[in-house]
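Examination of the molecular architecture
The primary structure of each chain is shown beneath.
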Amino acid sequence: GRVALQNSSSASNNVAVGGGALSSVTTGGSNIGIGTNALQSVTSGSQNVAVGQDALLSANVANGNNVALGNTAGNTITTGTSNTFLGFNSDASGVALTNAAAIGANALVGASNSLVLGGTGANSVNVGIGTTSPMALLAITGSGTGLSKLAAFTDSIGENIFTVLDNGNVGA
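Residues numbered from 1 in each chain as written. Predicted model: local features only at pLDDT ≥ 70, side-chain atom pairs only at ≥ 80, totals over all residues. Heavy atoms only, no water.

**So, unusual backbone geometry**
Put simply, the rule reads: Secondary structure elements are defined from DSSP: runs of H or I of at least 4 residues count as helices, runs of E of at least 2 residues count as strands, and each element is numbered from the N terminus.
Of note in the backbone geometry, Gln 47 takes a positive phi value of approximately 60° without being a glycine. In this model, Leu 56 sits at a positive phi of 50°, which is unusual for a non-glycine residue. Along the chain, Leu 56 turns up in the loop between β3 (49-51) and β4 (67-69).

The structure is reproduced here in structure tokens:
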């Protein structure tokens, strides 16, 4: 696309498809930017993947190992590393997060080493495990026989604190 990889001087192994994709990269390598302005601001960052218009738009300098799939996904992050943004407008509330993930349309993660599913308010979602139609913020469906663990809570060394069986009974 127009001005894709425009400033590439010693950058290598980059792929840019779309106007403005990877247009600022100078030395960064192994980046993939697909979509108008995808990874537009990255200069020396490496191993980033952005698919969608304005995906990882503001990512720059030496940040790397970020993945953004969806239009405007991850467009706030500037210097963060090893982040994942999946879905339209999924993003970070900070510019320098590490190992953070936002999954779902309008999902917003605000702390490093964190995972957020869905957005808030009108964009909130229900999460289901063992069900295709979760009716609560977190819905876990088991077999109901009372023989299987539905959830187990352990301490930092793996010792059982308590268990919830799939019939609702709670035990140690």
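**Focus: the pairing of strand β12 (residues 149-154)**
Quick reminder of the rule: One requirement defines pairing of two strands: DSSP has to find at least two bridges between them.
Summarising the sheet, β12 and strand β13 (residues 160-165) pair through 5 bridges and their orientation is antiparallel. Looking at the pairing, Ala 151 lines up with Val 164 of β13. Remark: 5 residues form the turn of the hairpin made by β12 and β13, two consecutive strands paired antiparallel; Gly 158 in that turn has positive phi of roughly 90°.

**Section: the packing of aromatic side chains**
Convention followed: Whether two aromatic rings pair depends on their centres lying within 6.5 Å, for rings of Phe, Tyr and Trp, where Trp uses its six-membered ring; planes under 30 degrees apart make the pair stacked, over 60 edge-to-face, and the rest tilted. Exposure categories follow from relative accessible area, calculated using a 1.4 Å probe and restricted to protein chains: below 20% of the type maximum is buried, above 50% is exposed, and the middle band is partly exposed.
Applying the stated criterion across every chain, the model contains 1 aromatic pair. Consider the rings of Phe 153 and Phe 162, whose centres lie 4.6 Å apart with planes at 25°: the pair is stacked. You can call Phe 153 partly exposed: its relative accessible area is 40%.

**A short note on the pairing of β13**
With 2 bridges connecting them, β13 and strand β14 (residues 170-171) associate as antiparallel partners. When the sheet's bridge partners are listed, Thr 163 is paired in β14 with Gly 171. Between the end of β13 and the start of β14, which pair antiparallel, lie 4 residues, with Gly 168 showing a positive phi angle near 100°.

**Description of the side chain of Asn 48**
Here is the rule: The contact criterion used is simple: two residues touch if any of their non-hydrogen atoms lie within 4.5 Å.
The residue Asn 48 is located in the loop between β2 (32-34) and β3 in this model. Classification of Asn 48 by relative accessible area gives buried; the value is 0%. In contact with Asn 48, not counting residues within four places along its chain, are Ser 30, Asn 31, Ile 32, Leu 39, Val 42, Leu 56, Asn 63, Gly 64, Asn 65 and Asn 66.

**Some thoughts on the side chain of Asp 91**
For Asp 91, the location among the structural elements is in strand β6 (residues 91-92). Residue classification places Asp 91 among the buried residues on the basis of a relative accessible area of 6%. Here Asp 91 is in contact with Gly 74, Asn 75, Thr 76, Ile 77, Phe 85, Ala 102, Ala 107, Leu 108 and Val 109, once residues within four sequence places are set aside.

**Describing the sheet that holds strand β1 (residues 15-17)**
Note the following rule: Each axis is a line fitted through C-alpha atoms, and for a helix only the stretch in contact is used; angles between axes span 0 to 180 degrees, taken between their N-to-C directions.
Taken in spatial order, the 7 strands line up as β1-β2-β3-β4-β5-β7-β9 in an open sheet, and their pairing is parallel. In the strand order of this sheet, the two ends are held by β1 and β9 (115-117), each with one partner. Neighbour-to-neighbour, the strand axes of the sheet open up by a mean angle of 5°, direction not taken into account. Note that strand β5 (residues 84-86) and strand β7 (residues 101-103) share 3 bridges and pair parallel. Across the sheet, the residue bridging to Phe 85 is Ala 102, located in β7.

**As for the sheet that holds β12**
Here 3 strands make up an open sheet; going across it, the order is β12-β13-β14 and the pairing antiparallel. Edge positions in the open sheet fall to β12 and β14, since each of these has one partner strand only.

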